[in-house]
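# What the coordinates show
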Amino acid sequence: GPCSSSTFIRNCTGCTFWVATRQFRTRDCKDCVFYLHSHTEPIIERSSDVSFAPFCAEYPGLAAHFREAQLEPSGNYWSAIYDFNGRADGANWRFQPLCDCETLVVTFADRPDEQPESVAPLLTQELLTAPPPKSEGAGHAIANIPQSRPPLPP
């Protein structure tokens, strides 16, 4: 379920994650997909070929878990990526194209009457291509590291 503090994913290759967290960071990840809900600007470091899309998972009790973690579903900075190894000539990350996105749906065999619930808006092309929300704690002031945004998905 959602994490009320930080999530740090390291040394992964070829993995897919659905993560809802207050603060998100990766290091040394390659060829991974992240469906992300983050209340702060996500940070990637020494990672390449990683894809991002908004959190799109559902299971019974998800809304209660978001409340318990004090995460606001509408406050998602999933696409405000700060890359500690940013380059002026291109991004180390990309947007996951809508046609490649997957929604994780979980049911529980011991609770057949409980239906999966979602807290996130429906994943659409408009949501994937929306500009990132503005934040006061922009990591860009930490260092003078070039930040290149990838092209929008088709």
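Residues numbered from 1 in each chain as written. Predicted model: local features only at pLDDT ≥ 70, side-chain atom pairs only at ≥ 80, totals over all residues. Heavy atoms only, no water.

## Thoughts on the packing of aromatic side chains
On inspection of all chains with the given rule, the structure shows eleven aromatic pairs. With centroids separated by 5.3 Å and ring planes inclined at 70°, the aromatic side chains of Phe 24 and Phe 34 adopt a geometry described as edge-to-face. Separated by ten residues along the polypeptide, Phe 24 in strand β2 (residues 16–27) and Phe 34 in strand β3 (residues 33–38) bring together distant segments of the chain. Measuring from ring centre to ring centre gives 5.9 Å for Trp 78 and Phe 95, while their planes differ by 80°; the resulting arrangement is edge-to-face. Of this pair, Trp 78 sits in the loop between α1 (62–68) and β7 (82–83) while Phe 95 sits in strand β8 (residues 93–95), and the two are 17 residues apart along the sequence. For the pair Trp 78 and Phe 95, a shared accessibility class is recorded, and that class is buried. Each member of the aromatic cluster is reached from another via a ring pair, and the members are Phe 17, Phe 24, Phe 34, Phe 52, Trp 78, Trp 93 and Phe 95. (Phe/Tyr/Trp six-rings, centres within 6.5 Å; stacked < 30°, edge-to-face > 60°. Helix = DSSP H or I, 4+ residues; strand = E, 2+ residues; numbered from the N terminus. Buried < 20%, exposed > 50% of the residue type's maximum accessible area, 1.4 Å probe, protein only.)

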